[in-house]
Amino acid sequence: DIVLTQSPVLAVSLGQRATISCRASQSVSISSINLMHWYQQKPGQQPKLLIYRASNLASGIPARFSGSGSGTDFTLTIDPVQADDIAAYYCQQSRESPHTFGAGTKLELK
Amino acid sequence: EVQLVETGGGLVRPGSSLKLSCATSGFTFSNTWMNWVRQAPGKGLEWVALIKDKYSNYEANYAESVKGRFTISRDDSKSRVYLQMNTLRDQDTATYYCTRGHRYNHYFDYWGQGVMVTVSS
């Protein structure tokens, strides 16, 4: 299985930039298609799709969220961070089945 | 508006069975691939099962952790997807989410609110 590694916690200040990383144990890209996706989960709620195929903003997601990366290294950026963004963030790969998730990064206020 | 509503969770003993149901609306269910994803208390997300549509012969795929014990199915006439869970174990305790999957890129663009399954003696 492809293992996705995320840092457990990231502390940021409101109004600053947050950069959340996800590293895959093998490439999750096929040609120019990067099969990495990002989700946000607030406490007590279901996850919500933020970014698909590494850099595409899902419907209704604010433009302060962006994604980048290819191969094995991917990044979710939130700029600027707002109070409503305090949540857990998960990456997910769909290059190979099973379509695994990272363990999540909790975004906390500094 | 896309809606996914799971039902059927509860507290069961190890070794028993449970069937989850997910009622959907707001999209063309019959040509959509559907999944179940679970989350153990305080833990991360784990994909459980996928069922493809009639154009893909309703092919089903499972995580190794549930293969042979869980069965995913669908009723296109009711726009529902199901998860039959047999021989439940303590480690199956989780919130189970019904999710709509993208056919080609396999990301989950809509999620239900989740249903809790607790396996305990």
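Our structure's up above, just so we're on the same page.
In this text the structure is predicted, and so the values were computed from the model without any measurement.

Peer 1: So what's going on with the sheet that holds strand β10 (residues 73-78) of chain A? Residues and values would help.
Peer 2: Residues and elements named next belong to chain A. Pairing is antiparallel across the open sheet formed by four strands, whose spatial order is β1-β3-β10-β9. In this open sheet, the two edge strands, each paired with only one partner strand, are β1 (4-5) and β9 (65-70). Relative to β10, β9 runs antiparallel, the two sharing six bridges. By the bridge assignment, Ser 66 is partnered in β10 with Thr 77.

Peer 1: Account for the sheet that holds strand β12 (residues 105-109) of chain A, with residues named and values stated.
Peer 2: Residues and elements named next belong to chain A. Pairing is mixed across the open sheet formed by six strands, whose spatial order is β2-β12-β11-β6-β7-β8. Taken across any chain shown, the strands that pair with only one partner, and hence form the sheet edges, are β2 (9-12) and β8 (56-57). The sheet contact formed by strand β6 (residues 36-41) and strand β7 (residues 48-52) spans three bridges and is antiparallel. The partner of Gln 40 across the bridge, within β7, is Lys 48.

Peer 1: How would you explain the pairing of strand β10 (residues 108-111) of chain B if you had to name every residue and give the values?
Peer 2: Sheet topology places strand β9 (residues 94-101) of chain B next to β10 of chain B; three bridges connect them, and they run antiparallel. By the bridge assignment for β10 of chain B, Thr 99 of chain B is matched with Trp 111 of chain B.

Peer 1: Please provide a residue-by-residue account of unusual backbone geometry, values included.
Peer 2: Residues and elements named next belong to chain A. Residue Pro 80 follows Asp 79 across a cis peptide bond; omega there is 0°. For Pro 80, the position within the fold is in the loop between β10 and β11 (88-93). Cis geometry marks the peptide bond from Ser 97 to Pro 98, where omega comes out at 5°. By the element assignment, Pro 98 lies in the loop between β11 and β12.

Peer 1: Could you give an account of the state of the cysteines, with specific residues and numbers?
Peer 2: All chains considered together, the criterion is met by two disulfides over all chains. A disulfide bridge connects Cys 22 of chain A with Cys 91 of chain A, and the sulfur atoms are separated by 2.1 Å. Between Cys 22 of chain A and Cys 91 of chain A, the disulfide has an S-S torsion of 70° and is therefore right-handed. Of this pair, Cys 22 of chain A sits in strand β3 (residues 18-24) while Cys 91 of chain A sits in strand β11, placing them 69 residues apart in sequence. On the accessibility criterion, Cys 22 of chain A (1% relative accessible area) is buried. The disulfide that involves Cys 22 of chain B links it to Cys 98 of chain B, with 2.1 Å between the sulfurs. Residues Cys 22 of chain B and Cys 98 of chain B share a disulfide whose torsion about the S-S bond is about -75°; that sign makes it left-handed. You can see Cys 22 of chain B sitting in strand β3 (residues 18-25) and its partner Cys 98 of chain B sitting in strand β9, a full 76 residues away along the chain. For Cys 22 of chain B, a relative accessible area of 0% translates into the label buried.

Peer 1: An account of the side chain of Gln 93 of chain A is needed here, citing residue identities and associated values.
Peer 2: Residue and element names in this part refer to chain A. Secondary-structure assignment places Gln 93 in strand β11. Residue Gln 93 is classed as buried on the basis of its relative accessible area of 0%. A distance of 3.1 Å separates a polar side-chain atom of Gln 93 from the backbone oxygen of Glu 96. Excluding its chain neighbours within four sequence positions, the residues that come into contact with Gln 93 are Ile 2, Leu 4, Val 28, Leu 35, Met 36, Pro 98, His 99 and Thr 100.

Peer 1: Can you explain the packing of aromatic side chains? Please cite residues and give values.
Peer 2: Scanning all chains against the criterion turns up nine aromatic pairs over all chains. With a centroid separation of 5.9 Å and 55° between ring planes, the pair formed by Tyr 39 of chain A and Phe 101 of chain A is classed as tilted. With Tyr 39 of chain A in strand β6 and Phe 101 of chain A in the loop between β11 and β12, this pair connects stretches of sequence that are 62 residues apart. As far as burial versus exposure is concerned, Tyr 39 of chain A and Phe 101 of chain A are alike and both buried. Feature note: the residues Tyr 39 and Phe 101 of chain A together with Tyr 97, Phe 108 and Trp 111 of chain B constitute an aromatic cluster, connected by ring pairs. Its end group placed over the ring of Tyr 82 of chain B, Lys 19 of chain B keeps NZ or CZ at 4.7 Å from the ring centre.

About the thresholds
- Residues numbered from 1 in each chain as written.
- Chains lettered and ligands numbered in written order.
- Predicted model: local features only at pLDDT ≥ 70, side-chain atom pairs only at ≥ 80, totals over all residues.
- Heavy atoms only, no water.
- Pairing = 2+ DSSP bridges.
- Helix = DSSP H or I, 4+ residues; strand = E, 2+ residues; numbered from the N terminus.
- Disulfide = S-S within 2.5 Å.
- Buried < 20%, exposed > 50% of the residue type's maximum accessible area, 1.4 Å probe, protein only.
- Polar contact = N/O pair within 3.5 Å; in protein donor to acceptor, adjacent residues only side chain to side chain.
- Contact = heavy atoms within 4.5 Å.
- Phe/Tyr/Trp six-rings, centres within 6.5 Å; stacked < 30°, edge-to-face > 60°.
- Lys NZ or Arg CZ within 6 Å of the ring centre and 35° of its normal.

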